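Letter by letter, the chains look like this.
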Amino acid sequence: MTEKSRTFYEDGQVALESALQGIIALHPGLQLHKSQKGGAGHEPCHAGFVGTNMLDAAVSGAIFASPNAGQIETGLNLIQSSHGVLIIVKNYTGDKLNFTLAAERFGLASGVPTRLVVVADDVAIGRSKAARVGRRGLAGTVLVHKIAGGASADGLGLDDAADLVEFVTRHMGTMGVGLDGCDVPGKASSVRLGPDEVQLGIGIHNEPGSRKLNPKPPPKELVGILLANILSRDDKERNYLESSPLDGNHKVVVLINNLGSLSNLEIAALVGETYTQLTADYGITPTRIYAGTYLSALNGPGFSITIMALPIAHEYTRKILRYLDSPTDAPAWASSIPTSTWSLPRGSGTINSAKDDDSAACLNIPNVPCDMSLFASIIDSIHSKLIAEEPEITRLDTLMGDGDCGTTLLAGIGAISKGLQNGTVEPSSLTHGIMSIAEIVSQSMGGTSGALYAVFFTALSSSLCVQRAGDFPSIVRALDAALKALQGVTAARVGDRTMMDSLIPFVKSLVENSGCECAAALDAAVLAAKEGCKGTASIKSQFGRSTYVSTEDSGDTTGGLVDPGACGVVAIVQGVLEAVKGVNDEAI
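Residues numbered from 1 in each chain as written. Predicted model: local features only at pLDDT ≥ 70, side-chain atom pairs only at ≥ 80, totals over all residues. Heavy atoms only, no water.

Scanning the model with the defined rule gives 0 disulfides in all. Take Cys465: it sits in no disulfide, and the sulfur closest to it among the cysteines is that of Cys370, at 12 Å. You can call Cys465 buried: its relative accessible area is 10%. Left unpaired, Cys533 is separated from the closest cysteine sulfur, that of Cys567, by 3.6 Å. Looking at Cys533, the relative accessible area reads 7%, which means it is buried. (Disulfide = S-S within 2.5 Å. Buried < 20%, exposed > 50% of the residue type's maximum accessible area, 1.4 Å probe, protein only.)

See below:
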């Protein structure tokens with residue numbers, strides 16, 4: 001299946017040349033030789049790692065292609081040193097051929113010695129299959145860049161630096177996983193995987209992985225698979241690490257590499273999951289952890305994990321860690337943590353507050369008793385209603401906003417239900433129970449909607465405290481007071497396309513029918529809320545993120561869609577109605 005291009009640049013070569021100019025703009029000390037046009041598609045690697053204590057030069061080819069020998073030789077001539085040149089190459093046929101040829105030509109012409117180090121850290125392909133071509137070079141290459149640059153700055157000779165770097169490559173393994181291929185500028189996007197599929201063992205040149213998984217495992221399981229492939233000593237095809245950290249007495253360096261399009265949030269979550277599994281399942285506490293986009297596959301939707309296991313007793317280990325920590329002005333090296341900070345002991349990572357996060361504030365407020373069975377039924381009914389309506393609310397909010405309205409409401413009612421089960425929410429007291437709900441909502445629902453609901457429920461409980469009564473007319477008066485309190489903190493009113501388009505008609509109808517029996521008044525009020533929600537389909541947005549969304553040049557920001565926040569209110573009050581209808585009206 002082919003889709004439209006998801007890139008802004010329609011000409012890949014134009015994008016590459018502009019990208020290299022952009023890297024130069026980021027680092028005033030760098031220079032671009034005009035014959036070196038193109039880019040690898042692995043940005044920020046490798047040009048982004050040119051700088052003090054890292055690379056002296058990077059030679060680019062076309063997207064996902066090796067530079068030619070002439071380009072490489074030009075680069076070597078620009079940085080030649082009488083002490084020699086260490087050349088770092090990922091294990092791909094074109095790279096090895098062209099860099100080897102250029103190194104030989106350069107050496108013959110200049111008399112400058114060279115050493116070629118080939119990085120092959122992929123563990124996805126077993127020994128039998130990779131016997132002739134070898135393992136691919138992946139994100140571990142960046143760690144080699146940093147260590148080699150530090151070794152050179154430390155005064156190591158060419159052979160000593162090359163020997164140290166080759167030691168690193170033998171003690172390092174990487175494996176990646178992806179949701180699909182990447183988008184190459186100027187080419188239509190091609191969808192290779194289904195919505196519930198992932199590929200293990202993907203490379204960095206848009207090639208498919210070594211194994212497809214369906215259904216897609218959760219992140220915890222995926223991280224576990226990658227770590228097992230890198231660390232397991234039972235898999236004779238893949239136990240590539242020369243020295244296993246499972247024996248203890250190792251310094252372990254971890255790199256979580258974003259292949260291009262994962263959010264910073266997801267990368268941080270993957271770091272947390274990787275760290276947890278290493279410490280809990282393997283007894284390994286990493287001595288260094290790096291995370292971010294170090295070596296991409298354009299905008300590849302995936303990540304890789306690199307493990308470097310360094311024997312504590314080896315003379316190289318202390319040097320390697322020092323070289324990793326050495327400062328650099330290379331624009332793409334994201335870590336600036338000094339050795340002294342890495343040496344600090346790690347705590348649990350979490351500071352617990354004096355009170356449990358799910359507990360409501362212990363407030364000395366009056367107790368207004370109520371039917372605890374009805375209270376619990378209302379919460380259960382709202383929960384069921386929101387579960388049923390969440391997909392549609394999310395769909396609407398995805399089209400017109402940021403897509404989190406439905407999930408935010410579910411998080412809130414889920415936390416309230418949990419509070420009901422663990423005793424945090426007291427169902428026998430209207431005032432205590434609703435105040436607990438306000439506290440839980442403020443903690444479990446993010447963004448504006450959480451704050452608005454918290455204000456509303458706090459004011460509702462406060463008004464009931466003042467009245468010291470829980471009969472139906474008193475509850476209606478309290479709802480009216482809560483609405484007025486809410487209107488004091490938001491300018492949104494009916495006609496502004498928000499949750500208020502449903503909430504205001506609902507409360508207003510209850511006030512008008514407070515003399516009727518409870519179920520009948522609620523019936524009319526829910527109908528008013530539904531009508532208010534329906535009306536938002538033709539209202540221009542005035543508040544929220546949908547204000548910035550235009551479906552047509554005319555400026556229409558609704559597209560005939562109802563407001564998701566108003567839909568959420570309808571689901572809640574419908575849940576209340578259904579619970580009340582399920583019991584005797586006199587119970588309230």
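Here the focus is the environment of Gln199. With respect to the helices, strands and loops of the structure, Gln199 is situated in strand β6 (residues 198-200). Taking the C-alpha atoms as reference, Gln199 lies 23 Å from Arg132; in sequence the two are 67 residues apart. Aside from chain neighbours lying at most four places away, what touches Gln199 is Gly176, Val177, Gly178, Arg192, Leu193, Pro208, Gly209, Arg211 and Lys212. At 3.0 Å, the side chain of Gln199 forms a polar contact with the backbone nitrogen of Gly209. (Helix = DSSP H or I, 4+ residues; strand = E, 2+ residues; numbered from the N terminus. Contact = heavy atoms within 4.5 Å. Polar contact = N/O pair within 3.5 Å; in protein donor to acceptor, adjacent residues only side chain to side chain.)

Pairing analysis gives 6 bridges linking strand β2 (residues 85-90) to strand β3 (residues 114-119), with the strands arranged parallel. Residue pairing across strands places Lys90 opposite Val119, the latter belonging to β3. Chirality of the crossover, the property in question, places the unit of β2, helix α3 (residues 93-110) and β3 among those that are right-handed. (Pairing = 2+ DSSP bridges. Right-handed = clockwise from strand over helix to strand, strands pointing away.)

The biggest cluster of nonpolar side chains holds 64 residues, and the ones touching the most others in it are Ile379, Leu409, Tyr453, Met500, Leu503, Phe506 and Leu510. At the level of elements, α10 (372-400), α11 (405-422), α12 (430-444), α13 (447-467), α14 (472-487), α15 (500-512), α16 (518-535) and α17 (564-581) are the ones that each hand at least two residues to this core. Of all the elements, α17 adds the most residues to this core, at 9 residues. For Phe506, the contacting residues outside a window of four places in its chain are Leu522, Ala525, Val526, Ala529 and Val573. In this structure, Leu55, Ala161, Met308 and Ile320 belong to the second largest nonpolar core, which totals 48 residues. (Core = buried A, V, L, I, M, F, W, Y, C linked by side-chain atoms within 4.5 Å.)

By the element assignment, Thr306 lies in strand β10 (residues 302-311). Using a relative accessible area of 0% as the deciding quantity, one classes Thr306 as buried. When the C-alpha atoms of Thr306 and Val144 are compared, they prove to be 12 Å apart, with 162 residues separating the residues in sequence. Looking at Thr306, its side chain comes within polar contact range of the side chain of Thr174, at 2.7 Å.

Below, the discussion takes up empty space enclosed by the protein. Scanning the entire structure with this criterion turns up 2 cavities of 30 Å³ or more. In this structure, the largest cavity spans a volume of roughly 120 Å³. In terms of lining residues, the largest cavity is bounded by 17 residues, among which Asp180, Gly181, Ile202, Gly203 and Asn206 are the most central. Each residue belonging to the lining of the largest cavity can be placed in one class, and the counts come to 7 nonpolar, 7 polar and 3 charged. Looking at the lining of the second largest cavity residue by residue, the classes come out as 5 nonpolar, 4 polar and no charged. (1 Å grid on protein atoms, 1.4 Å probe; cavity = no way out; pocket = protein on both sides within 12 Å on 5 of 7 lines; lining within 4 Å. Points joined across faces, edges and corners; volume = space filled by probe spheres on them. Nonpolar A, V, L, I, M, F, W, Y, C, P; charged D, E, K, R; others polar.)

Once that is clear, we can look at a nonpolar patch on the surface. The grouping of Phe8, Tyr9 and Val14 at the surface amounts to a nonpolar patch, some 380 Å² of accessible area in total. Within the secondary structure, Phe8 sits in the loop between β1 (2-3) and α1 (12-26). The class for Phe8 is exposed, based on a relative accessible area of 84%. (Patch = residues over 30% accessible without salt bridge, like charges linked within 9 Å, V, L, I, M, F, W, Y side chains within 5 Å. Areas by Shrake-Rupley, 256 points an atom, 1.4 Å probe, with all protein chains shown as cover. Salt bridge = Lys/Arg side-chain N within 4 Å of Asp/Glu carboxyl O.)

Turning our attention to the layout of surface pockets. Reported here for the second largest pocket is a volume of approximately 870 Å³. Lining the second largest pocket are 41 residues; nearest its centre among them are Ile378, Ile382, Phe457, Leu460 and Val576. Taken together, the elements giving at least two residues each to the lining of the second largest pocket come down to α10, α11, α12, α13, α14, α15, α16 and α17. Looking at which element gives the most residues to the lining of the second largest pocket, the answer is α10, with 6 residues.

One way to put it is that α16 packs onto α17 with a least axis distance of 9 Å and a crossing angle of 165°. The pairing of α16 with α17 is recorded here as roughly antiparallel in orientation. For the element pair α16 and α17, the recorded crossing hand is left-handed. Contact with α16, carried on its side by Cys518, Ala519, Leu522, Asp523, Val526, Ala529, Lys530 and Cys533, involves Ala566, Cys567, Val570, Val573, Gln574, Val576, Leu577, Val580 and Lys581 of α17 and no other residues of that element. Tallied by class, residues from the contact of α16 with α17 come to 13 nonpolar, 1 polar and 3 charged. (Axes fitted to C-alpha atoms, helices over the stretch in contact; angles between N-to-C directions. Parallel < 35°, antiparallel > 145°, perpendicular 65-115°, else oblique. Left-handed = near helix turned anticlockwise from the far one by under 90°.)

All right, on to α1 then. Compared with the 21 Å implied by 1.5 Å per residue over 15 residues, the 21 Å span of α1 between its first and last C-alpha is a close match. What α1 keeps buried is the set Gly12, Ala15, Leu16, Leu20 and Ile23. Looking straight down α1, one finds that the buried residues subtend no more than 135° of arc, so they occupy a single side. (Expected span 1.5 Å × (residues − 1). Arc of directions from axis to C-beta.)

So, about α11. With 18 residues, α11 ought to run about 26 Å at 1.5 Å a step, and its terminal C-alpha atoms sit 26 Å apart, in line with that. Taken together, the buried positions of α11 are occupied by Cys405, Gly406, Thr408, Leu409, Gly412, Ile413, Ala415, Ile416, Ser417, Gly419 and Leu420. Where α11 is buried, its residues contact α10, α12, α13 and α17. Looking one or two places after α11, you find Gly423, whose phi comes out positive at around 90°.

Turning our attention to the domain arrangement of the protein chain. Segmenting the protein chain into domains produces domain 1 (12-136), domain 2 (173-342) and domain 3 (372-548 + 556-581). One C-alpha centre belongs to domain 2, the other to domain 3, and the line joining them spans 44 Å. (Domains from an automatic or database assignment.)

Attention now moves to the confidence of the model for the protein chain. Taken as a whole, the protein chain shows an average pLDDT of 88; of its residues, 91% reach a score of 70 or greater. For the stretch residues 354-362, pLDDT sits under 50, and the model shows 15 contacts to residues farther than four places along the chain or on other chains. Within the model, pLDDT remains below 50 along residues 551-556, and this stretch shows 7 contacts once partners closer than five positions in the same chain are excluded. (pLDDT = per-residue confidence, 0-100.)

Right, let's get into the side chain of His145. With respect to the secondary-structure elements, His145 resides in helix α4 (residues 140-153). For His145, a relative accessible area of 3% translates into the label buried. With residues up to four places along the chain from it excluded, the contact list for His145 reads Cys45, His46, Phe49, Met54, Leu55 and Ile88.

Time to look at the environment of Ile539. Take Ile539: it is sitting in the loop between α16 and α17. For the pair formed by Ile539 and Val562, sequence separation is 23 residues and the distance between their alpha carbons is 8.7 Å.

Attention now goes to the sheet that holds strand β7 (residues 211-213). Within a beta sheet, neighbouring strands are joined by backbone hydrogen bonds and run either parallel or antiparallel to one another. Reading across the sheet, the 6 strands line up as β7-β6-β4-β10-β8-β9 and stay open at both edges, with mixed pairing between neighbours. The sheet terminates laterally at β7 and β9 (288-292), the two strands that pair on one side only. When strand polarity is set aside, the average angle formed by the axes of neighbouring strands in this sheet is 15°. Across 7 bridges, the pairing between strand β4 (residues 172-178) and β10 is antiparallel. Residue pairing for β10: Gly173 is matched across the bridge by Ile307. Running at roughly 140° to β10, helix α8 (residues 315-325) makes contact with β8 (250-258), β9 and β10 of the sheet.

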